[in-house]
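Observations on the three-dimensional arrangement
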Amino acid sequence: MSTTMSPDADSRPARSPGSVPDRTAPDRAGPDRPAHPNRRADDRADRRADDRTDRRRAERPSRRAGDGIGTTHRVSLVIPAHNEARNIPWVFEQIPRCVDEVILVDGASSDATVPMARYCLPTVRSVQQRGPGKGNALRTGFAAATGEYVVMMDADGSMWPGEIPHFLHFLDNGFDFVKGSRCIAGGGSLDFTRVRSLGNRALLAVVNKLYDTRLTDLCYGYCAFRRSFLDALDLRSTGFEIEAEMVAHALRSGLRIAEVPSLELPRRSGRSHLHAVSDGRRVLRTLIAERPGARSPAAAPAGER
Ligand SMILES: Nc1nc2c(ncn2[C@@H]2O[C@H](COP(=O)(O)OP(=O)(O)O)[C@@H](O)[C@H]2O)c(=O)[nH]1
Ligand SMILES: [Mg+2]
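Since the model is a prediction, treat every value here as computed from it, not as a measurement.

Scoring rules and cut-offs
Each chain has its residues counted from 1, running along the sequence as written. A letter from A marks each chain and a number from 1 marks each ligand, given out in the order of writing. With pLDDT at 70 or above as the cut-off, local features in this predicted model cover only qualifying residues; side-chain atom pairs require 80 or more to be listed or tallied, and sums for whole chains, interfaces and linings still use all residues. Counting from the N terminus, the helices are DSSP H or I runs at least four residues long and the strands are E runs at least two residues long. Any residue with 12 or fewer other C-beta atoms within 10 Å of its own C-beta is exposed, any with 20 or more is buried, and the rest are partly exposed; the C-beta atoms used are placed from the backbone. Two residues qualify as being in contact provided that their C-beta atoms, derived from the backbone, are within 7 Å of each other. Any two strands with at least two DSSP bridges between them are considered paired. Clockwise travel from the first strand over the helix to the second, with the strands pointing away from the viewer, marks a crossover as right-handed. Placing the C-beta atom from the backbone, one calls a residue near a molecule or strand if that atom lies within 6 Å of it. The residue classification treats Ala, Val, Leu, Ile, Met, Phe, Trp, Tyr, Cys and Pro as nonpolar and Asp, Glu, Lys and Arg as charged. All others, Gly included, are polar. Only the stretch in contact is used when a helix axis is fitted, and all axes are lines through C-alpha atoms; the angle between N-to-C directions ranges over 0 to 180 degrees.

**Topic: the overall build of the chain**
What the chain contains, in helices and strands, is 9 helices and 9 strands. Taking all 305 residues of the chain together, 37% fall into the buried category. Pairs at least 24 apart in sequence give 80% of the contacts found in the chain among residues at least 6 apart.

In structure tokens:
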């Protein structure tokens, strides 16, 4: 049984500073407010309302996503990176305090990805992936993780680390696998091309049909899960199809799944490694091979996968 739901109001993603005006701020009268005798009673009422609002806000201070909600579990953050030296500083700077361990999985980068990561975060654990592709990178990182909770996030600046506490909130509240969704209220993407968006929707429809579920997003690499379910996830993908494989296997294993809104930003610099059409085909092949009732992939003869 899987469940999808949105976070409560307090854990909604905070926008980047300054991007959205604070609508809760009282609309105070400035010195240029027209003085009119008839307005004095109104002014007093306004001031009393302002005081009440101020008191309420002081009692319940606003919480920013990046402040960390203080999970008591150890959190490992796994970041696959191939030639992302220019993007690493922005990402690493914003990793919230609730993360205990950062694992950078380097895909034989020819730029300064690893030294840059060490410079930004001296405690980073840098590991070399076994085999090519994002899937191999993530599996290497998951195997190296030691926290009870594992979060995966890209290194290109397209995912805001400040959202991590939202994922942890759901793990703390009984969910096993938490996936970011760009397609529910509060989420979005500034990185979707038409082809990607259509492809994602079509592949998502396949998953929803195969598993009789109502997820809202599929090919998105911002997820978190309890490490104790790593064996149940039974990951084998080598490339970008790993994100869909994770979701399919989480559904197959009956993990409790939650979706949280996530805003995908454009990668900060460099070009995507994904080829929408060929990688989309790999995702579809994986979903069909792993469909419920299909022969166990482990039992399939070598070369069929
Ligand atoms: N270690 C490693 N990281 C990879 C590899 N391919 C992609 N990545 C990383 O995976 C993340 C997502 O890749 P990206 O090219 O942005 O794909 P897109 O977001 O789907 O356009 C980025 O952090 C990449 O650096 C790989 O072969 N090895
Ligand atoms: Mg990207």
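**A closer look at the pairing of strand β3 (residues 125-128)**
Note that strand β2 (residues 101-106) and β3 share 4 bridges and pair parallel. Bridge pairing in β3 places Leu 104 opposite Ser 126. The parallel pair β2 and β3, bridged by helix α3 (residues 113-120), forms a crossover whose chirality is right-handed.

**Description of the site of ligand 1**
In the region of ligand 1, 20 residues are neighbours, and Pro 80, Gly 107, Ala 137, Ser 272 and His 273 sit closest. Elements with a minimum of two residues in the shell around ligand 1: β1 (75-81), β2 and α4 (134-144). When grouped by side-chain class, the residues that make up the shell around ligand 1 number 7 nonpolar, 7 polar and 6 charged.

**Here's the deal with the sheet that holds β2**
Strand order in the open sheet formed by 7 strands is β3-β2-β1-β4-β7-β5-β8, and the pairing between neighbours is mixed. With one partner strand each, in any of the chains shown, β3 and β8 (257-261) form the two edges of the open sheet. Ignoring which end each strand starts from, the neighbouring axes of this sheet average 20 degrees apart. With 5 bridges joining them, strand β5 (residues 177-181) and β8 adopt parallel strand pairing. Paired with Phe 177 across the two strands is Ile 257, which belongs to β8. Against the sheet, α4 touches β1, β2, β3 and β4 (149-152), its axis set at about 155 degrees to β1.

Fair warning: the whole summary comes from geometry, so function is off the table for now.
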